[in-house]
Amino acid sequence: MDISIVIPNYNGANYILDSIASIYDQIENKKEIIVIDNDSQDGSVVLIKEKYPDISLIINDRNLGFASAVNQGIKYSCSEYIILLNNDAFAQQNFVRHLFNCIDADRGIFSVASQMLSYSNPSIIDNAGDQLSLMGWAFKTGDGDSSDLYEKDRIIFSSCAGGAIYRREILDRISYFDDMFFAYLEDVDLGFRANIFGYKNVYCPKAKVLHIGSATSGNNRHNSFKVRLSARNNVYLVLKNIPIVMLILNAPFLIAGFLIKALYFRRLGFGAIYIEGLIEAFKTIKSIKRIKYKMENTMNYIRIEYMMTKSTIYFLKEALLRFLK
């Protein structure tokens, strides 16, 4: 298996060693386990050096964010396939083998997502593949559901980069993670790009990983950092990848989506922070490299619209079921 493993780390002293340990015996060339440290101040670097001196450790002098850190690791790596693993994610038995078998079976597959399970309750799904709705909302499939409901391979919109494998050949064609995103939605942006160019993202339930979730940015579901960056990146995601015709077609849904989120975060006390994120997005949107529309990708855009429509129906159905419980 020609595989490199990239683990970004920022103040992950409480779990980074366990994350490395979970993957350590699943790969032969230990130098291709690459940890990118974003100027941790909690002793993470010392712990890694002492416990795993044979892996590759890149140390940044400031926090470059998730996107830039994993790009560093990908460029440093030498393999045909790259697995990304969060520092608070722990690979289960044969995780690497299952991801490799899935992606190696079809050259049209760009990425394969693992079955991410809740660390506190491994029978519950944390993420079974990312989706994107017509309202511009990216969300996790199966979040909070029993893992038994998600035991079949399937095509997904994008892979969560907290535990997924990517094909370098396609990365080199469609470009890497967008540094402008810093953190949050950068993996959905990359998956969107792959869809535009006609590649597939796949979910592989055999590859399992336990995930704490948001351990670096705060375990609370919402905080000022997450809300501001997610709001900004949500605008980036939509305006960067969706062509003008689709934007016009989906405008009512997108406007509704942003308004609903504004009201939701206002109710939680983050209304001003959410608006700040939107304002920052429109101030800096010119720096984003927009994906140019090409006629040859028209059918791919139609397929993307279909996937977004299905995701919207799925989201509304799940929301209704939770409301009725």
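As shown above, the structure is provided for reference.
Below you will find a few notes about this structure. Since the model is a prediction, treat every value here as computed from it, not as a measurement.

1. So, the packing of aromatic side chains
We describe a pair of aromatic rings using the distance from one ring centre to the other and the angle between the two ring planes.
Inference 1: In the structure shown here, the tally under the stated rule is 16 aromatic pairs.
Inference 2: Between the aromatic rings of Tyr24 and Tyr52, the centroid separation amounts to 5.1 Å while the plane-to-plane angle is 45°, which identifies the pairing as tilted. You can see Tyr24 sitting in helix α1 (residues 16-24) and its partner Tyr52 sitting in the loop between α2 (44-51) and β3 (56-60), a full 28 residues away along the chain. The two residues Tyr24 and Tyr52 agree in class, both being buried.
Inference 3: Pairing Tyr184 with Phe225 gives two aromatic rings, centres 6.2 Å apart and planes at 65°, and the pair type is edge-to-face. Remark: Phe225 occurs in helix α7 (residues 224-241) and Tyr184 occurs in the loop between α5 (168-174) and α6 (186-196); sequence separation between them is 41 residues.
Inference 4: Judged by relative accessible area, which is 21%, Tyr184 ranks as partly exposed.
Inference 5: Here Phe225 falls in the partly exposed class, since its relative accessible area comes to 34%.

2. A few points about unusual backbone geometry
Inference 1: For Asn94, which is not glycine, the phi torsion reads 65° and is therefore positive.
Inference 2: With respect to the helices and strands, the residue Asn94 is situated in the loop between β5 (89-91) and α4 (95-104).

3. Here we look at the environment of Pro243
Inference 1: Mapped onto the secondary structure, Pro243 falls in the loop between α7 and α8 (244-267).
Inference 2: Sequence-wise, Pro243 and Asn87 are 156 residues apart; in three dimensions their C-alpha atoms are separated by 35 Å.
Inference 3: Sequence-distant contacts of Pro243, defined by excluding residues within four places in its chain, comprise Arg290, Tyr293 and Tyr301.

4. Details of the nonpolar core
Inference 1: Among the nonpolar cores identified, the biggest contains 33 residues, and Ile20, Phe95 and Val112 are the most heavily contacted of them.
Inference 2: Looking at which element gives the most residues to this core, the answer is α4, with six residues.
Inference 3: Judged by nonpolar contacts, the second largest core, of 32 residues, contains Tyr236, Val238, Ile304 and Met307.

5. A look at the layout of surface pockets
Inference 1: Empty space within the second largest pocket amounts to approximately 400 Å³.
Inference 2: Forming the boundary of the second largest pocket are 17 residues, of which Gln131, Arg154, Ile155, Ile156 and Lys310 lie nearest the centre.
Inference 3: When residues of the lining of the second largest pocket are assigned to their parent elements, the largest contribution, six residues, is made by helix α10 (residues 298-324).

6. Some thoughts on helix α3 (residues 65-76)
Inference 1: Look at α3: 17 Å from first C-alpha to last across twelve residues, which is about the 16 Å you get at 1.5 Å a residue.
Inference 2: For α3, a buried count of nine out of twelve residues is recorded, marking the element as mostly surrounded by other parts of the structure.
Inference 3: Where α3 is buried, its residues contact β1 (3-9), β2 (33-38), β4 (81-85), α5 and α6.

7. Notes on the side chain of Asn201
Inference 1: Structurally, Asn201 can be placed in strand β12 (residues 200-211).
Inference 2: According to the relative accessible area criterion, Asn201 is buried, its value standing at 0%.
Inference 3: Among the polar contacts listed, one links the side chain of Asn201 to the side chain of Ser111, at a separation of 2.6 Å.
Inference 4: Not counting residues up to four positions away in its chain, the partners in contact with Asn201 are Phe110, Ser111, Arg154, Ile155, Ile156, Phe157, Ser158, Ser159, Gly191, Ala194 and Asn195.

8. Details of the packing of α8 against helix α9 (residues 271-284)
How two helices sit against one another is set out by the angle between their axes and by the gap between those axes.
Inference 1: At a closest axis distance of 7 Å, the pairing of α8 and α9 adopts a crossing angle of 145°. Residues Phe258, Lys261, Ala262, Phe265 and Arg266 of α8 touch α9, and the partners they reach there are Gly271, Tyr274 and Leu278.
Inference 2: Broken down by class, the residue content of the contact of α8 with α9 amounts to five nonpolar, one polar and two charged.

9. A few points about the pattern of salt bridges
Inference 1: Taken as a whole and assessed by the stated rule, the structure comprises eleven salt bridges.
Inference 2: When the shortest N-O distance is used, the salt bridge between Glu151 and Lys208 registers 3.5 Å. On the criterion of sequence distance, the pair formed by Glu151 in the loop between β9 (138-140) and β10 (154-156) and Lys208 in strand β12 is long-range, its members being 57 residues apart.
Inference 3: For Lys208, a relative accessible area of 24% gives the class partly exposed.
Inference 4: As a salt-bridge pair, Glu280 and Arg232 come within 3.1 Å of each other at their nearest N and O atoms. With Glu280 in helix α9 and Arg232 in helix α7, this pair connects stretches of sequence that are 48 residues apart.
Inference 5: With a relative accessible area of 24%, Glu280 lands in the partly exposed category.

10. Notes on the pairing of strand β11 (residues 163-167)
Inference 1: Within β11, five of the five residues are buried, which leaves it mostly tucked inside the rest of the structure.
Inference 2: Residues Gly163, Ile165 and Arg167 line one face of β11 and the alternating positions Ala164 and Tyr166 line the opposite face, and both faces are buried.
Inference 3: Here β4 pairs with β11 via five bridges, running antiparallel. In the strand pairing of β11, Leu85 is matched with Gly163.
Inference 4: Where strand β6 (residues 109-118) and β11 come together, three bridges link them in antiparallel fashion. The partner of Ala113 across the bridge, within β11, is Ala164.

Cut-offs and rules
Residues numbered from 1 in each chain as written. Predicted model: local features only at pLDDT ≥ 70, side-chain atom pairs only at ≥ 80, totals over all residues. Heavy atoms only, no water. Phe/Tyr/Trp six-rings, centres within 6.5 Å; stacked < 30°, edge-to-face > 60°. Helix = DSSP H or I, 4+ residues; strand = E, 2+ residues; numbered from the N terminus. Buried < 20%, exposed > 50% of the residue type's maximum accessible area, 1.4 Å probe, protein only. Contact = heavy atoms within 4.5 Å. Core = buried A, V, L, I, M, F, W, Y, C linked by side-chain atoms within 4.5 Å. 1 Å grid on protein atoms, 1.4 Å probe; cavity = no way out; pocket = protein on both sides within 12 Å on 5 of 7 lines; lining within 4 Å. Points joined across faces, edges and corners; volume = space filled by probe spheres on them. Expected span 1.5 Å × (residues − 1). Polar contact = N/O pair within 3.5 Å; in protein donor to acceptor, adjacent residues only side chain to side chain. Axes fitted to C-alpha atoms, helices over the stretch in contact; angles between N-to-C directions. Nonpolar A, V, L, I, M, F, W, Y, C, P; charged D, E, K, R; others polar. Salt bridge = Lys/Arg side-chain N within 4 Å of Asp/Glu carboxyl O. Pairing = 2+ DSSP bridges.

Geometric values such as these leave the question of function open.
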